[in-house]
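As a plain string of letters, each chain reads:
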Amino acid sequence: MLAAFLRRFRKAPAEPRWIDVAGLRQQLADAAGPLVVDVRGPDEFDGPLGHIEGARCIPLSELAAHQGELAEAGRPIVFVCLTDKRSSAAAAQFVKAGFGAVAVLRGGMKAWRGSE
């Protein structure tokens, strides 16, 4: 009963931030840049659009198993996918789990490649 009462006053989890291509490129130029996690499958990661240099490929279906190691990295995380649908789901999952510095690349790899 007390737990139900307290839940009513608990803040809703924050929403993930969105970052555009220019903002991510600027952050990646810094030595202490974010960790880029690409939640597409390996076939897409190595496919025609490729991936962002230094990104880790962790498919969305496997992401929960990697929460601990990503937390240990102690860096902000930017999630990427083809557009931004899977990456926004990944970011929401991490925000709900208590991760604070989480962002989604707006437009995903299509936007990243379109800006080159």
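Residues numbered from 1 in each chain as written. Predicted model: local features only at pLDDT ≥ 70, side-chain atom pairs only at ≥ 80, totals over all residues. Heavy atoms only, no water.

### Brief notes about the side chain of R40
As for its placement among the helices and strands, R40 is situated in the loop between β2 (35-38) and α3 (42-45). Assessed through its relative accessible area of 1%, R40 is described here as buried. From its side chain, R40 meets the backbone oxygen of E44 in a polar contact 3.2 Å long. Of note is the side chain of R40, whose polar atom sits 2.6 Å from the backbone oxygen of G50. Beyond its immediate chain neighbours, meaning those up to four positions away, R40 contacts F45, L49, G50, H51, C57, P59, V80, C81, L82, R86 and M109. (Helix = DSSP H or I, 4+ residues; strand = E, 2+ residues; numbered from the N terminus. Buried < 20%, exposed > 50% of the residue type's maximum accessible area, 1.4 Å probe, protein only. Polar contact = N/O pair within 3.5 Å; in protein donor to acceptor, adjacent residues only side chain to side chain. Contact = heavy atoms within 4.5 Å.)

### Digging into the sheet that holds strand β5 (residues 102-105)
A sheet is described by the order of its strands in space; here 5 strands give the open sequence β1-β5-β4-β2-β3, paired in parallel fashion. One side of each edge strand has no neighbouring strand; the edge strands of this open sheet are β1 (17-19) and β3 (56-57). Pairing analysis gives 3 bridges linking β1 to β5, with the strands arranged parallel. The partner of W18 across the bridge, within β5, is V104. Against the sheet, helix α5 (residues 85-96) touches β1, β4 (77-80) and β5, its axis set at about 175° to β5. (Pairing = 2+ DSSP bridges. Axes fitted to C-alpha atoms, helices over the stretch in contact; angles between N-to-C directions.)

### Things to note about the packing of aromatic side chains
In this description, an aromatic ring pair is defined by two values, namely the gap between the centres and the angle between the planes. Evaluated as defined, the whole model comprises 2 aromatic pairs. Both rings, one in F79 and one in F94, keep their centres 5.1 Å apart while their planes meet at 65°; by these two values the pair is edge-to-face. On the criterion of sequence distance, the pair formed by F79 in strand β4 and F94 in helix α5 is long-range, its members being 15 residues apart. No difference in accessibility class separates F79 from F94, as the two residues are buried. (Phe/Tyr/Trp six-rings, centres within 6.5 Å; stacked < 30°, edge-to-face > 60°.)

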